[in-house]
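# Summary of structural features
Okay, here's what each chain looks like letter by letter:
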Amino acid sequence: MLNDPRSHGLWEKTAPAPPLTPRLEEFVSADVAIVGGGYTGLSAALHLAQKGVDVRLLEAAGIGFGGAGRNVGLINAGMWVMPDDFTKELGPLYGERALDLLGHGPYLVRDLIETHGIACELEKNGTLHCAVGADGMKELEERARQWQKRGAPVTLLDAMETERRTGSKAYSGSLLDMRAGTLQPLAYARGLAHAAVRAGAKLHTGSAAIETGEVNGKKFIRTAHGQVTADWIIVATDAYSTGPWEQVRREQVHLPYFNLATKPLGDNLRHSIVPGREGCWDTKEILSSFRMDQAGRLIFGSVGALRGTGTAIHKAWARRSLKRIFPQLGEVEFEAEWYGLIGMTDNALPRFHKFGRNTVGFSGYNGRGISPGTTFGKVLAAHVLGEISETELPLPLTDTTEPGFRSLKEAYYEAGAQIAHFAGERF
Ligand SMILES: Cc1cc2nc3c(=O)[nH]c(=O)nc-3n(C[C@H](O)[C@H](O)[C@H](O)COP(=O)(O)OP(=O)(O)OC[C@H]3O[C@@H](n4cnc5c(N)ncnc54)[C@H](O)[C@@H]3O)c2cc1C
(Lines give C-alpha, C1' and ligand atoms only; values in the text may rest on other atoms or scores of the structure.)
Protein backbone atom coordinates (compact mmCIF):
# COMPACT_ATOMS: atom_id res chain seq x y z
CA MET A 1 0.00 0.00 0.00
CA LEU A 2 2.87 2.34 0.71
CA ASN A 3 5.46 0.44 -1.33
CA ASP A 4 6.87 -0.25 2.12
CA PRO A 5 7.07 -3.95 3.01
CA ARG A 6 7.16 -2.98 6.70
CA SER A 7 3.74 -1.32 6.70
CA HIS A 8 1.36 -4.21 5.90
CA GLY A 9 3.89 -7.05 5.52
CA LEU A 10 2.54 -10.55 5.06
CA TRP A 11 -1.07 -9.40 4.94
CA GLU A 12 -0.50 -7.36 1.80
CA LYS A 13 1.22 -10.37 0.17
CA THR A 14 -1.57 -12.84 0.89
CA ALA A 15 -4.82 -10.82 0.90
CA PRO A 16 -7.22 -11.02 -2.04
CA ALA A 17 -7.55 -7.76 -4.02
CA PRO A 18 -9.83 -4.99 -2.71
CA PRO A 19 -12.77 -3.75 -4.77
CA LEU A 20 -12.21 -0.90 -7.22
CA THR A 21 -12.68 2.28 -5.20
CA PRO A 22 -12.05 5.41 -7.27
CA ARG A 23 -10.80 8.69 -5.86
CA LEU A 24 -13.61 11.15 -5.15
CA GLU A 25 -13.44 13.68 -7.99
CA GLU A 26 -16.86 15.33 -7.93
CA PHE A 27 -19.36 17.06 -5.68
CA VAL A 28 -21.88 14.46 -4.47
CA SER A 29 -24.58 14.16 -1.85
CA ALA A 30 -25.46 11.16 0.30
CA ASP A 31 -27.49 10.29 3.38
CA VAL A 32 -24.38 9.38 5.38
CA ALA A 33 -20.68 10.15 4.83
CA ILE A 34 -18.21 7.84 6.57
CA VAL A 35 -14.56 8.76 7.05
CA GLY A 36 -12.10 5.87 7.40
CA GLY A 37 -11.86 2.53 5.58
CA GLY A 38 -11.03 0.22 8.50
CA TYR A 39 -13.35 -2.17 10.35
CA THR A 40 -15.45 0.57 12.02
CA GLY A 41 -16.12 2.52 8.82
CA LEU A 42 -16.61 -0.54 6.61
CA SER A 43 -18.96 -2.25 9.06
CA ALA A 44 -21.01 0.96 9.34
CA ALA A 45 -21.07 1.30 5.53
CA LEU A 46 -22.16 -2.30 5.05
CA HIS A 47 -24.91 -2.19 7.68
CA LEU A 48 -26.25 1.14 6.42
CA ALA A 49 -26.17 0.14 2.74
CA GLN A 50 -28.03 -3.08 3.58
CA LYS A 51 -30.86 -0.90 4.90
CA GLY A 52 -31.00 1.06 1.65
CA VAL A 53 -29.14 4.12 2.98
CA ASP A 54 -27.12 6.11 0.44
CA VAL A 55 -23.54 5.91 1.84
CA ARG A 56 -20.24 7.42 0.73
CA LEU A 57 -17.08 6.25 2.48
CA LEU A 58 -13.88 8.29 2.20
CA GLU A 59 -10.54 6.61 2.92
CA ALA A 60 -7.35 8.67 2.87
CA ALA A 61 -5.11 5.86 1.56
CA GLY A 62 -6.35 2.32 0.80
CA ILE A 63 -8.87 -0.07 2.38
CA GLY A 64 -7.29 -1.40 5.59
CA PHE A 65 -4.48 1.18 5.51
CA GLY A 66 -4.65 1.83 9.27
CA GLY A 67 -4.66 -0.74 12.07
CA ALA A 68 -6.99 -2.99 10.05
CA GLY A 69 -4.24 -3.97 7.61
CA ARG A 70 -1.37 -4.30 10.09
CA ASN A 71 -2.63 -6.16 13.15
CA VAL A 72 -2.03 -9.67 14.52
CA GLY A 73 -5.43 -10.97 13.51
CA LEU A 74 -6.59 -12.11 16.97
CA ILE A 75 -10.39 -11.85 17.06
CA ASN A 76 -10.73 -11.17 20.77
CA ALA A 77 -13.80 -10.97 23.00
CA GLY A 78 -13.81 -7.96 25.35
CA MET A 79 -10.77 -5.76 25.90
CA TRP A 80 -7.39 -6.08 27.65
CA VAL A 81 -8.85 -4.79 30.90
CA MET A 82 -10.44 -7.27 33.28
CA PRO A 83 -14.22 -7.67 32.75
CA ASP A 84 -15.02 -6.17 36.19
CA ASP A 85 -13.02 -3.05 35.28
CA PHE A 86 -15.66 -2.17 32.68
CA THR A 87 -18.17 -1.50 35.45
CA LYS A 88 -15.59 0.21 37.64
CA GLU A 89 -14.74 2.64 34.82
CA LEU A 90 -18.12 3.05 33.13
CA GLY A 91 -20.61 2.33 35.91
CA PRO A 92 -22.92 -0.71 36.04
CA LEU A 93 -25.22 0.33 33.17
CA TYR A 94 -22.68 1.17 30.47
CA GLY A 95 -20.11 -1.26 31.87
CA GLU A 96 -22.23 -4.40 31.57
CA ARG A 97 -23.80 -3.20 28.30
CA ALA A 98 -20.40 -2.62 26.65
CA LEU A 99 -18.96 -5.84 28.05
CA ASP A 100 -21.90 -7.91 26.86
CA LEU A 101 -21.69 -6.41 23.37
CA LEU A 102 -17.91 -6.79 23.10
CA GLY A 103 -18.00 -10.27 24.63
CA HIS A 104 -20.26 -11.33 21.76
CA GLY A 105 -18.30 -9.31 19.15
CA PRO A 106 -16.42 -12.29 17.66
CA TYR A 107 -19.74 -13.96 16.78
CA LEU A 108 -20.70 -10.93 14.67
CA VAL A 109 -17.32 -11.12 12.89
CA ARG A 110 -17.81 -14.84 12.16
CA ASP A 111 -21.36 -14.24 11.02
CA LEU A 112 -20.35 -11.47 8.58
CA ILE A 113 -17.50 -13.57 7.20
CA GLU A 114 -19.78 -16.55 6.64
CA THR A 115 -22.77 -14.58 5.33
CA HIS A 116 -20.69 -12.60 2.83
CA GLY A 117 -18.30 -15.41 1.92
CA ILE A 118 -15.23 -13.40 2.96
CA ALA A 119 -12.01 -15.33 2.23
CA CYS A 120 -9.90 -14.27 5.21
CA GLU A 121 -8.48 -17.47 6.72
CA LEU A 122 -11.02 -17.50 9.58
CA GLU A 123 -10.09 -19.91 12.40
CA LYS A 124 -12.72 -20.52 15.08
CA ASN A 125 -10.62 -22.61 17.47
CA GLY A 126 -10.32 -19.95 20.14
CA THR A 127 -7.42 -18.05 21.63
CA LEU A 128 -4.94 -19.04 24.34
CA HIS A 129 -3.83 -16.35 26.76
CA CYS A 130 -0.63 -17.99 27.98
CA ALA A 131 0.55 -17.55 31.58
CA VAL A 132 4.18 -16.73 32.29
CA GLY A 133 5.08 -17.88 35.80
CA ALA A 134 2.87 -18.00 38.89
CA ASP A 135 1.85 -14.34 38.60
CA GLY A 136 0.64 -14.88 35.06
CA MET A 137 -1.46 -17.84 36.17
CA LYS A 138 -2.95 -15.83 39.02
CA GLU A 139 -4.02 -13.14 36.57
CA LEU A 140 -5.64 -15.70 34.30
CA GLU A 141 -7.48 -17.37 37.22
CA GLU A 142 -9.02 -14.01 38.06
CA ARG A 143 -9.84 -13.30 34.42
CA ALA A 144 -11.47 -16.75 34.11
CA ARG A 145 -13.51 -16.16 37.29
CA GLN A 146 -14.79 -12.80 36.05
CA TRP A 147 -15.78 -14.13 32.60
CA GLN A 148 -17.25 -17.39 33.91
CA LYS A 149 -19.60 -15.59 36.30
CA ARG A 150 -21.00 -13.95 33.15
CA GLY A 151 -21.39 -17.32 31.43
CA ALA A 152 -18.56 -16.88 28.91
CA PRO A 153 -17.06 -20.08 27.39
CA VAL A 154 -13.56 -19.69 28.85
CA THR A 155 -11.54 -22.53 30.38
CA LEU A 156 -8.31 -22.52 32.38
CA LEU A 157 -5.81 -25.03 31.04
CA ASP A 158 -2.86 -26.43 33.00
CA ALA A 159 0.77 -26.36 31.89
CA MET A 160 0.58 -29.80 30.30
CA GLU A 161 -2.50 -29.06 28.18
CA THR A 162 -1.01 -25.67 27.25
CA GLU A 163 2.15 -27.41 26.10
CA ARG A 164 0.09 -29.86 24.04
CA ARG A 165 -1.74 -27.00 22.35
CA THR A 166 1.15 -24.57 21.86
CA GLY A 167 4.10 -26.92 21.46
CA SER A 168 5.96 -24.98 24.16
CA LYS A 169 7.02 -25.70 27.74
CA ALA A 170 7.35 -21.98 28.42
CA TYR A 171 3.94 -21.46 30.00
CA SER A 172 2.49 -22.31 33.38
CA GLY A 173 -1.01 -22.56 31.94
CA SER A 174 -3.42 -20.67 29.71
CA LEU A 175 -6.94 -19.37 29.34
CA LEU A 176 -8.80 -20.82 26.37
CA ASP A 177 -11.51 -18.52 25.03
CA MET A 178 -13.75 -20.34 22.57
CA ARG A 179 -15.52 -17.15 21.43
CA ALA A 180 -12.28 -15.95 19.89
CA GLY A 181 -10.11 -16.99 16.93
CA THR A 182 -7.87 -15.62 14.20
CA LEU A 183 -8.17 -14.22 10.69
CA GLN A 184 -6.14 -12.53 7.97
CA PRO A 185 -6.85 -8.93 9.00
CA LEU A 186 -6.36 -7.13 5.67
CA ALA A 187 -8.33 -9.82 3.83
CA TYR A 188 -11.17 -9.31 6.31
CA ALA A 189 -11.15 -5.52 5.76
CA ARG A 190 -11.10 -5.96 1.99
CA GLY A 191 -13.88 -8.56 2.22
CA LEU A 192 -16.03 -6.14 4.22
CA ALA A 193 -15.36 -3.53 1.53
CA HIS A 194 -16.53 -5.92 -1.21
CA ALA A 195 -19.67 -6.71 0.80
CA ALA A 196 -20.38 -3.01 1.37
CA VAL A 197 -19.98 -2.24 -2.35
CA ARG A 198 -22.27 -5.14 -3.25
CA ALA A 199 -24.84 -3.75 -0.81
CA GLY A 200 -24.70 -0.40 -2.64
CA ALA A 201 -22.20 1.69 -0.62
CA LYS A 202 -19.88 3.92 -2.63
CA LEU A 203 -16.28 3.77 -1.44
CA HIS A 204 -13.50 6.19 -2.37
CA THR A 205 -9.83 5.63 -1.58
CA GLY A 206 -7.01 8.16 -1.98
CA SER A 207 -9.65 10.60 -0.71
CA ALA A 208 -8.58 12.15 2.59
CA ALA A 209 -11.11 14.35 4.36
CA ILE A 210 -9.38 17.71 4.74
CA GLU A 211 -12.17 20.00 5.82
CA THR A 212 -15.66 19.72 7.26
CA GLY A 213 -18.49 22.09 8.05
CA GLU A 214 -22.21 22.70 7.77
CA VAL A 215 -24.15 24.70 5.16
CA ASN A 216 -27.96 25.07 5.00
CA GLY A 217 -28.47 22.34 7.62
CA LYS A 218 -26.30 19.80 5.72
CA LYS A 219 -22.88 18.53 6.75
CA PHE A 220 -20.10 18.59 4.19
CA ILE A 221 -16.65 17.00 3.89
CA ARG A 222 -14.12 18.34 1.43
CA THR A 223 -11.31 16.27 -0.10
CA ALA A 224 -8.55 17.55 -2.41
CA HIS A 225 -10.66 16.79 -5.49
CA GLY A 226 -14.29 16.62 -4.39
CA GLN A 227 -16.91 17.06 -1.72
CA VAL A 228 -19.65 15.00 -0.05
CA THR A 229 -22.74 16.64 1.42
CA ALA A 230 -24.68 14.46 3.86
CA ASP A 231 -27.14 14.44 6.76
CA TRP A 232 -24.80 12.47 9.01
CA ILE A 233 -21.04 11.97 9.30
CA ILE A 234 -19.50 8.88 10.90
CA VAL A 235 -15.90 9.43 11.98
CA ALA A 236 -14.02 6.10 11.86
CA THR A 237 -10.42 7.25 11.63
CA ASP A 238 -9.15 5.97 15.02
CA ALA A 239 -5.41 5.96 15.77
CA TYR A 240 -4.43 6.81 12.17
CA SER A 241 -6.67 9.90 12.14
CA THR A 242 -5.55 12.91 10.11
CA GLY A 243 -7.37 16.06 9.00
CA PRO A 244 -10.48 17.51 10.63
CA TRP A 245 -10.71 14.83 13.35
CA GLU A 246 -7.02 14.62 14.18
CA GLN A 247 -7.98 14.97 17.86
CA VAL A 248 -9.03 11.30 17.76
CA ARG A 249 -5.41 10.39 17.12
CA ARG A 250 -4.14 12.89 19.69
CA GLU A 251 -6.27 11.51 22.52
CA GLN A 252 -4.46 8.17 22.16
CA VAL A 253 -0.90 7.20 22.97
CA HIS A 254 0.69 5.19 20.13
CA LEU A 255 2.19 1.87 21.17
CA PRO A 256 4.24 0.32 18.35
CA TYR A 257 3.82 -3.43 17.74
CA PHE A 258 5.70 -5.56 15.21
CA ASN A 259 5.22 -8.96 13.62
CA LEU A 260 7.61 -11.35 11.91
CA ALA A 261 6.36 -14.21 9.75
CA THR A 262 8.46 -17.32 9.10
CA LYS A 263 8.38 -19.20 5.82
CA PRO A 264 5.70 -21.95 5.83
CA LEU A 265 6.81 -24.61 8.33
CA GLY A 266 7.24 -28.28 7.40
CA ASP A 267 4.60 -30.86 8.39
CA ASN A 268 6.39 -32.02 11.56
CA LEU A 269 6.63 -28.50 12.96
CA ARG A 270 3.04 -27.72 12.01
CA HIS A 271 1.94 -30.74 14.01
CA SER A 272 3.97 -29.61 17.00
CA ILE A 273 3.53 -25.79 17.10
CA VAL A 274 -0.04 -24.57 17.70
CA PRO A 275 -1.48 -27.51 15.71
CA GLY A 276 -5.03 -26.38 16.56
CA ARG A 277 -4.29 -22.86 15.24
CA GLU A 278 -5.45 -20.99 18.32
CA GLY A 279 -4.30 -17.38 18.47
CA CYS A 280 -1.84 -16.99 21.37
CA TRP A 281 -0.33 -14.21 23.45
CA ASP A 282 1.25 -14.10 26.88
CA THR A 283 0.71 -12.32 30.20
CA LYS A 284 3.99 -10.39 30.18
CA GLU A 285 3.93 -6.60 30.45
CA ILE A 286 5.92 -6.38 27.20
CA LEU A 287 3.85 -9.10 25.68
CA SER A 288 4.53 -11.48 22.82
CA SER A 289 1.97 -13.05 20.50
CA PHE A 290 2.12 -16.00 18.12
CA ARG A 291 -0.25 -17.63 15.68
CA MET A 292 -0.16 -19.61 12.44
CA ASP A 293 -1.51 -18.46 9.10
CA GLN A 294 -3.28 -20.82 6.72
CA ALA A 295 -0.08 -21.61 4.80
CA GLY A 296 1.65 -22.69 8.03
CA ARG A 297 3.75 -19.59 8.65
CA LEU A 298 4.39 -18.84 12.31
CA ILE A 299 3.69 -15.18 13.02
CA PHE A 300 5.49 -13.90 16.09
CA GLY A 301 5.13 -10.38 17.46
CA SER A 302 5.83 -8.04 20.34
CA VAL A 303 5.99 -4.40 21.33
CA GLY A 304 8.37 -2.29 19.23
CA ALA A 305 8.80 -0.48 15.95
CA LEU A 306 10.85 -1.92 13.09
CA ARG A 307 12.63 1.33 12.30
CA GLY A 308 16.06 2.75 13.06
CA THR A 309 17.97 0.65 15.59
CA GLY A 310 14.70 -1.10 16.51
CA THR A 311 14.78 -3.31 13.40
CA ALA A 312 17.94 -5.21 14.27
CA ILE A 313 17.26 -5.28 18.03
CA HIS A 314 13.73 -6.65 17.79
CA LYS A 315 14.60 -9.20 15.10
CA ALA A 316 17.56 -10.52 17.08
CA TRP A 317 15.38 -10.73 20.20
CA ALA A 318 12.66 -12.56 18.26
CA ARG A 319 15.17 -15.16 17.03
CA ARG A 320 16.41 -15.75 20.60
CA SER A 321 12.87 -15.90 21.99
CA LEU A 322 11.64 -18.31 19.36
CA LYS A 323 14.57 -20.62 20.16
CA ARG A 324 13.61 -20.56 23.85
CA ILE A 325 9.87 -20.92 23.37
CA PHE A 326 10.01 -23.43 20.50
CA PRO A 327 13.42 -25.17 20.59
CA GLN A 328 12.11 -27.62 17.95
CA LEU A 329 11.98 -24.75 15.43
CA GLY A 330 15.76 -24.45 14.95
CA GLU A 331 17.04 -21.53 12.87
CA VAL A 332 14.22 -19.59 11.24
CA GLU A 333 14.04 -17.45 8.18
CA PHE A 334 11.54 -14.59 8.20
CA GLU A 335 9.56 -14.06 5.05
CA ALA A 336 7.86 -10.82 6.12
CA GLU A 337 8.23 -8.18 8.83
CA TRP A 338 5.99 -5.22 9.59
CA TYR A 339 4.73 -3.00 12.39
CA GLY A 340 1.92 -0.62 13.21
CA LEU A 341 0.79 1.80 15.88
CA ILE A 342 -1.78 0.74 18.45
CA GLY A 343 -3.84 3.59 19.91
CA MET A 344 -4.13 3.41 23.71
CA THR A 345 -6.58 5.47 25.76
CA ASP A 346 -5.81 6.33 29.36
CA ASN A 347 -8.43 3.93 30.81
CA ALA A 348 -7.72 1.27 28.14
CA LEU A 349 -11.36 1.42 26.98
CA PRO A 350 -12.82 2.73 23.72
CA ARG A 351 -14.63 6.06 23.46
CA PHE A 352 -17.82 7.44 21.95
CA HIS A 353 -17.53 10.98 20.59
CA LYS A 354 -19.92 13.49 19.11
CA PHE A 355 -18.11 16.11 17.05
CA GLY A 356 -21.09 18.41 16.64
CA ARG A 357 -24.61 17.81 15.34
CA ASN A 358 -25.05 14.45 13.56
CA THR A 359 -21.31 13.73 13.60
CA VAL A 360 -20.40 10.69 15.69
CA GLY A 361 -17.70 8.05 16.10
CA PHE A 362 -16.17 5.31 18.23
CA SER A 363 -12.41 4.95 18.61
CA GLY A 364 -9.63 3.89 20.98
CA TYR A 365 -9.72 0.10 20.78
CA ASN A 366 -6.39 -0.41 22.60
CA GLY A 367 -5.13 -3.16 20.30
CA ARG A 368 -8.51 -4.92 20.16
CA GLY A 369 -10.31 -3.50 17.16
CA ILE A 370 -11.33 -6.44 15.00
CA SER A 371 -14.50 -7.38 16.79
CA PRO A 372 -15.05 -4.06 18.66
CA GLY A 373 -14.60 -2.03 15.42
CA THR A 374 -16.97 -4.34 13.54
CA THR A 375 -19.50 -4.24 16.40
CA PHE A 376 -19.36 -0.48 16.96
CA GLY A 377 -19.61 0.14 13.20
CA LYS A 378 -22.90 -1.76 13.28
CA VAL A 379 -24.00 0.19 16.38
CA LEU A 380 -23.21 3.50 14.63
CA ALA A 381 -25.31 2.43 11.66
CA ALA A 382 -28.23 1.67 14.00
CA HIS A 383 -27.75 5.00 15.79
CA VAL A 384 -27.82 6.98 12.54
CA LEU A 385 -30.96 5.09 11.51
CA GLY A 386 -32.62 6.10 14.79
CA GLU A 387 -32.80 2.49 16.00
CA ILE A 388 -30.52 3.15 19.00
CA SER A 389 -30.75 6.45 20.86
CA GLU A 390 -27.70 8.18 22.31
CA THR A 391 -28.51 6.96 25.82
CA GLU A 392 -28.81 3.36 24.57
CA LEU A 393 -25.30 3.32 23.09
CA PRO A 394 -22.75 0.96 24.69
CA LEU A 395 -20.50 3.82 25.83
CA PRO A 396 -21.19 7.21 27.39
CA LEU A 397 -20.42 10.39 25.47
CA THR A 398 -16.88 11.65 26.16
CA ASP A 399 -14.74 14.59 25.06
CA THR A 400 -11.50 14.07 23.19
CA THR A 401 -8.89 14.99 25.76
CA GLU A 402 -5.21 14.76 24.90
CA PRO A 403 -3.32 12.86 27.63
CA GLY A 404 -0.43 14.69 29.29
CA PHE A 405 3.08 14.00 27.96
CA ARG A 406 1.69 12.01 25.00
CA SER A 407 4.80 12.36 22.80
CA LEU A 408 7.05 11.54 25.73
CA LYS A 409 5.06 8.40 26.51
CA GLU A 410 5.25 7.31 22.85
CA ALA A 411 9.02 7.79 22.81
CA TYR A 412 9.22 5.87 26.09
CA TYR A 413 7.25 2.90 24.69
CA GLU A 414 9.40 2.73 21.57
CA ALA A 415 12.73 3.14 23.36
CA GLY A 416 11.63 1.00 26.33
CA ALA A 417 10.79 -1.94 24.07
CA GLN A 418 14.23 -1.65 22.44
CA ILE A 419 15.99 -1.56 25.80
CA ALA A 420 13.99 -4.53 27.12
CA HIS A 421 14.57 -6.59 23.98
CA PHE A 422 18.25 -5.57 23.75
CA ALA A 423 18.79 -6.52 27.37
CA GLY A 424 17.60 -9.97 26.41
CA GLU A 425 14.34 -10.06 28.29
CA ARG A 426 13.56 -13.73 28.96
CA PHE A 427 10.72 -14.30 26.49
C1 LIG B 1 0.32 -3.79 15.10
C2 LIG B 1 -1.10 -3.90 15.55
C3 LIG B 1 -1.57 -5.08 16.08
C4 LIG B 1 -2.91 -5.19 16.46
N5 LIG B 1 -3.39 -6.43 16.81
C6 LIG B 1 -4.73 -6.59 16.98
C7 LIG B 1 -5.29 -7.88 17.14
O8 LIG B 1 -4.60 -8.90 17.09
N9 LIG B 1 -6.62 -7.98 17.35
C10 LIG B 1 -7.45 -6.89 17.35
O11 LIG B 1 -8.66 -7.04 17.55
N12 LIG B 1 -6.94 -5.64 17.13
C13 LIG B 1 -5.63 -5.47 16.93
N14 LIG B 1 -5.12 -4.23 16.67
C15 LIG B 1 -6.05 -3.07 16.69
C16 LIG B 1 -6.88 -2.94 15.43
O17 LIG B 1 -6.11 -3.12 14.27
C18 LIG B 1 -7.53 -1.55 15.40
O19 LIG B 1 -8.16 -1.33 16.63
C20 LIG B 1 -8.55 -1.47 14.28
O21 LIG B 1 -7.89 -1.50 13.05
C22 LIG B 1 -9.38 -0.21 14.40
O23 LIG B 1 -10.27 -0.17 13.33
P24 LIG B 1 -10.78 1.20 12.77
O25 LIG B 1 -11.58 0.92 11.57
O26 LIG B 1 -11.48 1.93 13.86
O27 LIG B 1 -9.47 2.03 12.42
P28 LIG B 1 -8.32 1.73 11.30
O29 LIG B 1 -8.31 0.31 10.92
O30 LIG B 1 -7.08 2.31 11.85
O31 LIG B 1 -8.85 2.57 10.10
C32 LIG B 1 -8.90 3.98 10.13
C33 LIG B 1 -8.76 4.48 8.70
O34 LIG B 1 -9.05 5.88 8.66
C35 LIG B 1 -8.27 6.44 7.64
N36 LIG B 1 -8.21 7.90 7.83
C37 LIG B 1 -7.57 8.59 8.79
N38 LIG B 1 -7.75 9.92 8.62
C39 LIG B 1 -8.50 10.07 7.52
C40 LIG B 1 -9.00 11.19 6.82
N41 LIG B 1 -8.73 12.45 7.21
N42 LIG B 1 -9.75 10.98 5.69
C43 LIG B 1 -10.02 9.73 5.26
N44 LIG B 1 -9.55 8.62 5.89
C45 LIG B 1 -8.80 8.79 7.01
C46 LIG B 1 -6.93 5.75 7.78
O47 LIG B 1 -6.17 5.84 6.59
C48 LIG B 1 -7.35 4.33 8.13
O49 LIG B 1 -7.39 3.47 7.01
C50 LIG B 1 -3.78 -4.07 16.35
C51 LIG B 1 -3.29 -2.86 15.84
C52 LIG B 1 -1.99 -2.77 15.42
C53 LIG B 1 -1.50 -1.48 14.84
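Reference entry: report on the structure contained in this document. (Residues numbered from 1 in each chain as written. Predicted model: local features only at pLDDT ≥ 70, side-chain atom pairs only at ≥ 80, totals over all residues. Heavy atoms only, no water.)

As enumerated under the stated definition, the model contains twelve aromatic pairs in all. When the ring of Tyr-171 is compared with that of Phe-290, the centres are 6.1 Å apart and the planes differ by 20°; the resulting orientation is stacked. A residue pair is termed long-range when its members are at least 10 positions apart, and Tyr-171 in the loop between α6 (159–166) and β7 (173–177) and Phe-290 in strand β16 (residues 288–292) qualify at 119 residues. Residues Tyr-171 and Phe-290 agree in their burial class; the two are buried. Measuring from centroid to centroid gives 5.2 Å for Phe-290 and Phe-326, while their planes differ by 85°, and the two rings are edge-to-face. In this pair, Phe-290 is assigned in strand β16 and Phe-326 in the loop between α10 (310–325) and β18 (334–344), connecting sequence segments 36 residues apart. (Phe/Tyr/Trp six-rings, centres within 6.5 Å; stacked < 30°, edge-to-face > 60°. Helix = DSSP H or I, 4+ residues; strand = E, 2+ residues; numbered from the N terminus. Buried < 20%, exposed > 50% of the residue type's maximum accessible area, 1.4 Å probe, protein only.)

Right, let's talk about the pairing of strand β2 (residues 32–35) for a bit. The alternating pattern of β2 places Val-32 and Ile-34 and Ala-33 and Val-35 on opposite faces, both of which are buried. Pairing geometry for β2 and strand β3 (residues 55–58), over four bridges, is parallel. Of the residues in β3, the one forming a bridge with Ile-34 is Leu-57. As for the winding sense of the linkage, the β-α-β connection from β2 through helix α2 (residues 39–50) to β3 is right-handed. Across four bridges, β2 lies against strand β13 (residues 232–235) in parallel orientation. Across the sheet, residue Val-35 finds its bridge partner in β13, namely Val-235. (Pairing = 2+ DSSP bridges. Right-handed = clockwise from strand over helix to strand, strands pointing away.)

Take the environment of Thr-311 next. Within the fold, Thr-311 resides in helix α10. Here Thr-311 falls in the buried class, since its relative accessible area comes to 12%. If we skip the residues at most four places from it in the chain, Thr-311 touches Arg-6, Ala-305, Leu-306 and Glu-337. In terms of polar contacts, Thr-311 uses its side chain to reach the backbone carbonyl oxygen of Leu-306, at 3.4 Å. (Contact = heavy atoms within 4.5 Å. Polar contact = N/O pair within 3.5 Å; in protein donor to acceptor, adjacent residues only side chain to side chain.)

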